[in-house]
Structures are given as C-alpha cells and as structure tokens.
Amino acid sequence: MSTIAAIATPDAVGGISVIRISGDKATDVADRIFKGNKKPSDMDGYTCSYGYINDENSCHVDDVVLTVFKAPRSYTGEDVVEISCHGGRFITKKILRIVLKNGAEAAMAGEFTKRAFLNGKLSLTQAEAVMDVISSSGESQLRYANALKEGSVFRRISCIKNSLVEILGNLAAWADFPEEDVPKVDPVVLEGQIDRVVNDITKTIETYDYGRIIREGIKTVICGKPNVGKSTLMNCLSGYQRSIVTDIAGTTRDVIEENVRLGDLTLCLSDTAGIRSTDDVIESMGVDIAYKKIDEADLILAVFDCTSELDEKEKDLINKIYNKNTVIIINKIDETSRIDKKYLTDKFKHIIEISAKNEEGTEKLVSVLEAMFISNKSDADEGIIANERQKMCLEKAYNNIIEAKDALNNGAMLDAVTVCLDMAAENLMELTGEKASETVVNDVFSRFCVGK
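Residues numbered from 1 in each chain as written. Predicted model: local features only at pLDDT ≥ 70, side-chain atom pairs only at ≥ 80, totals over all residues. Heavy atoms only, no water.

### Here we look at the nonpolar core
Inclusion rule: Side-chain atoms within 4.5 Å are what join buried Ala, Val, Leu, Ile, Met, Phe, Trp, Tyr and Cys residues into a set we call a nonpolar core. Residue exposure (1.4 Å probe, protein chains only): buried if accessible area is under 20% of the type maximum, exposed if over 50%, otherwise partly exposed. A run of DSSP states H or I qualifies as a helix once it reaches four residues; a run of E qualifies as a strand once it reaches two. Both are numbered from the N-terminal end. Here, residues are in contact when the closest pair of their heavy atoms is within 4.5 Å.
Ranked by size, the top nonpolar core spans 66 residues in total, and within it V327, L369 and L421 carry the most contacts. Considering every element that reaches this core, the biggest residue donor is helix α15 (residues 414-432), with 8 residues. Excluding anything up to four places from it in sequence, V327 contacts L299, I300, L301, A302, H350, I352, L365, V368, L369 and M372. A5, C85, I95 and L96 belong to the second-largest nonpolar core, a separate cluster that totals 23 residues.

Written as structure tokens, this is what we have:
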C-alpha cells in the first residue's frame, strides 16, 4: 500500500498540530524533510526527536518534535511518523504540503483506521468505535464507546458465531463421514441448539435501542396545549432563549430543535406546537407535526399548567402517550393549583412539579431520566449494538436461523438446514469484519474524518 499523510488534529488554531504519516516509506519521507540529531529511519520505535522541517529550498519552516512508531507496533500496523508542530493553520498545512511533495499521498477519510483494520489491529466493530470515542460528549457515551473499542461487541458476536460453527461442524462430520463412528444428528437436540442461538441473537438485537440512545441522544419531544410553558421549559433546559415565549396562544407553530446535555444524558429536544383544535392552516400543520414527533420519540415531556383543569384535548393526549416513555411536567407551581393531580398520578409513574419560568424543580428531571435510561440497562462491557449496519447483520442472521429451524421442523434434508446456518454465520462475520465485502468496509470508513 502507498504511504499516506494527513493532519490528525482539528483544522483550527491551537498550541500544537500533528501531521501523521503511515506506510512503508514513512521514515524515508521524514528523512527528506526533517533535520535533527538522528535521521527518522535510524530511530527506534516509540522514540522522539527534536528538530526542524525544511522546505524544498532548504529553508527553515518550523521547530518540531518527530515521533516514530515501527511496524507492527503502531496504530495502523505500519511504520508511522508523527510530526508535532506549532498549531497555526497555515504552518500545519504548509508542512503537510511538504510531506506530500516528498513521497506521501493524501489520506482519504478514515484511511489510517481502515489500515489498522486491514492489518489486523482492530476488528470492524472496534474500528467503528473510534469515531464514537471522538464524538463522545458525556460519561455514558465514552464508557459505551470505550467498551466497544475494547472489543465487547466483537466478543459477544464471536460467542454466537462459535455456537453456530459448532453446530455446522457436527452437521458436516455426520454428513461427510457416515462410515466413521460419528454420532447421528438428533433433530430434537439440534432444534434446542438452534433455539439457544436464536435467543442470544434476539437479546443482542434488543440492545440496539439503548445503544442508539447512548450514542446519538434521546429523541425527546416537549408537548402539551398552548401556553402551558413548553417553550419556557425548552429555554430553561437549553440555557438560553431557543424558543420564542409570549402570552399569545399558538406562538410556536413549527418544531424548534436543540441538543441539550442533562446530567449524563444528551436530549435531542423538540419543542412542538401547542396541541389544540384550530382553523389556522399553518398552526394546524404544526399540531400534526407535533403528533408525528410524539410517535417517533424515545421520550415525551408532557407539560401541563397546574393553574388550569384538564380539558378534553389534554385527556386525549394523555391517552395517546399513556404507554410510552413519558415524564409528566406539572408547570407553574408558583401559582395556585387547580389541576387534578390524581388523574395523572393514577396513569403515570414519573411526575415532576416545576416552575419553568423561575427554573425551579428541573433538577429532579436528571435523576428521573437517569433512572429511566441508564440504571438497570445493558452493561456496555457485555456488548451493545452500535449502529444500523450491525443491527442489519444480526437481523439477517436471525432470519436465516429461523429459516433453518423451519426447514428442520418441516422435515427438509439437513443439507438445507446447513445452508441456512452457514449463511447466518457469514452474516455474523460480516458484522465483525471477518468476512465483510470491500463495499461494506469502504462505507464504514467513509464516515470517518480525514486524519483518523
């Protein structure tokens, strides 16, 4: 493979920038541009040298620290050189241009991590976790991403695959060596083995929603009738005026969206139009969108004004959200209450009383949400499915195994059962990257930033 190079630090001004070079000729490229006590090609792995970079005219460009990593003990599994220079955008790009002029090629998005995968340094699931670590914005996300990077999903899927391989081995031995003293395959025992694999895959697929929530945030909709304090709550949680707040009913007509950190969770908040009957065409469209957001949400924050009695529209809303992940927000507790709290407490477990205007009581929301979305959930170290690609691979495996079980129960030849189970094993190997197509691999790494 060619020797590649890219800036590994953000495209911004900072104290230090890093240019990464990887490939068989990494140290040769560095030899041509670096002047120090030692030539990079003579340096041992995991050692640094202070010096400076020269341009094509042998002019001094910048003082740098050059670090050498020798194959296979490097991130990519190849020879790697990293040049740490002053963190100006111009000087960083100038050094990269010098590197490229001296034998390196510009790296594509995710190419360093792709090479780590191709050289056996990471499984495909571990490689996918690299971007999750980079994008982590809280403890839960970081813990989840690190567990994935350390191989939790790979280990979990490998255990399931090994169970399938054991079944396939028994089937192959019985079919290929009938004259040998090989135990006959008992359909009842085989069905039990298949059921255990089905159960393991089902439990693994069930981790996807939790993994998505930790990774991407909780899709949260704030809903309620007009003037109950939805936009005020949105602004309170956001920490600034994200939604316009007035005493005029129907002020919010479109969906206002904002990502908010709340405790150890990320909420992808949507402030929706007040739910009521209206002849205003635009407001009516906003109400329809609000209902759609409710259907799509992981979490519903349903806001009620404690100074008003529940009306029929609110009771209709309550019936719609009754069996969903809902937190009832009783707002305006600084005023005289007229709401029927018992009606709400009889139907919902999580009820919080607040004054969004005075920012009172919202801290209770943190503990409630952490109890709902973090406590008693899947342990990240056990392996939580990270993305849609992994989920699709598991669903394909599940469908193939169910097809194998149906074939067994319908009296089909064991060859047909074997074919289905073999396809399921391939689906699992596509997930881990052990048997992934070039198209799949390229698609995974195309989502990475250049330099990683």
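### With respect to the sheet that holds strand β8 (residues 218-223)
What counts, and what does not: By this definition, two strands are paired if DSSP reports at least two bridges between them. Think of each axis as a best-fit line through the C-alpha atoms, taken over the contacting stretch in the case of a helix, with angles from 0 to 180 degrees between the N-to-C directions.
Strand order in the open sheet formed by 6 strands is β9-β10-β8-β11-β12-β13, with mixed pairing between adjacent strands. With one partner strand each, in any of the chains shown, β9 (256-262) and β13 (351-353) form the two edges of the open sheet. When strand polarity is set aside, the average angle formed by the axes of neighbouring strands in this sheet is 25°. Two strands pair when backbone bridges link them, and strand β12 (residues 326-331) and β13 are joined in this way by 3 bridges, in the parallel orientation. Following the sheet pairing, I328 is matched in β13 by I351.

### Focus: helix α13 (residues 363-373)
In plain terms, the rule: What the arc covers is the set of directions going from the helix axis to the C-beta atoms.
For α13, the complete set of buried residues consists of L365, V368, L369, M372 and F373. Down the axis of α13, the buried side of the element spans an arc of 110°, and every buried residue falls inside it.

### Comments concerning unusual backbone geometry
In this structure, P72 follows A71 across a cis peptide bond, with omega equal to 0°. With respect to the helices and strands, P72 occurs in the loop between β5 (60-69) and β6 (80-86). Backbone geometry at K332 places phi at a positive 70°, although glycine is not the residue there. With respect to the helices, strands and loops of the structure, K332 is situated in the loop between β12 and α12 (341-345). Here E359, not a glycine, exhibits a phi torsion of approximately 55°, which is positive. Looking at the secondary structure, you find E359 in the loop between β13 and α13.

### Let's talk about helix α16 (residues 438-445)
Within α16, burial applies to V440, V441, V444 and F445. An end-on view of α16 places all buried positions within 125° of arc, on one side of the element. Away from its buried face by more than 90 degrees, α16 exposes E438 and T439. Next to the buried residues of α16 lie α3 (111-118), α4 (124-135), α14 (388-409) and α15.

### Observations regarding the packing of aromatic side chains
The geometry of an aromatic ring pair is captured by two quantities: the separation of the ring centres and the angle between the planes. Applied cut-off: Ring geometry is summarised as follows: Phe, Tyr and Trp rings, the Trp one being its six-membered ring, pair when their centres sit within 6.5 Å, and such pairs are stacked at plane angles under 30 degrees, edge-to-face over 60 and tilted between the two. Whether a charge sits over a ring comes down to the Lys NZ or Arg CZ being within 6 Å of the ring centre and within 35 degrees of the ring normal.
Enumeration according to the criterion identifies 3 aromatic pairs in this entry. An angle of 75° between the planes, with centres 6.2 Å apart, marks the rings of Y322 and F348 as edge-to-face. Linking Y322 in the loop between α11 (312-321) and β12 with F348 in the loop between α12 and β13, this pair joins segments that are 26 residues apart in sequence. For Y322, a relative accessible area of 39% puts it in the partly exposed group. Classification of F348 by relative accessible area gives buried; the value is 7%. The aromatic ring of F112 is capped on one face by R20, whose charged end is 5.4 Å from the ring centroid.

### Things to note about the sheet that holds strand β3 (residues 34-36)
Overall, mixed pairing links the 7 strands, which are arranged β3-β4-β5-β6-β2-β1-β7 in an open sheet. Two strands bound the open sheet, and with one partner strand each, they are β3 and β7 (105-106). Pairing of strand β4 (residues 47-54) with β5 involves 8 bridges; the strand directions are antiparallel. Its bridge partner being in β5, N54 is matched across the sheet by H60. Packed on one face of the sheet, α3 meets β1 (4-7), β2 (16-22) and β7 and runs near 135° to β1.

### Details of the pattern of salt bridges
The condition that has to hold: For this analysis, a salt bridge means a side-chain nitrogen from Lys or Arg found within 4 Å of a carboxyl oxygen belonging to Asp or Glu.
Using the criterion set out here, one finds 20 salt bridges in the structure. R115 is the salt-bridge partner of E111, the closest N and O atoms lying 3.3 Å from each other. Taken together, the residues span about one helical turn, with E111 and R115 both in helix α3 at a distance of 4 residues. Classification of R115 by relative accessible area gives buried; the value is 2%. A salt bridge links K342 to D346, with the nearest nitrogen and oxygen atoms 2.9 Å apart. Residue classification places D346 among the exposed residues on the basis of a relative accessible area of 52%. One salt-bridge network, in which partners are shared between bridges, spans D11, R89 and K93.

### Structural notes on the environment of I328
With respect to the helices and strands, I328 occurs in strand β12. Since its relative accessible area comes to 0%, I328 is described here as buried. Along the primary structure I328 and F373 are separated by 45 residues, whereas in three dimensions their C-alpha atoms are 16 Å apart. The contact partners of I328, leaving out residues within four places of it in the chain, are A302, F304, L344, F348, H350, I351 and I352.

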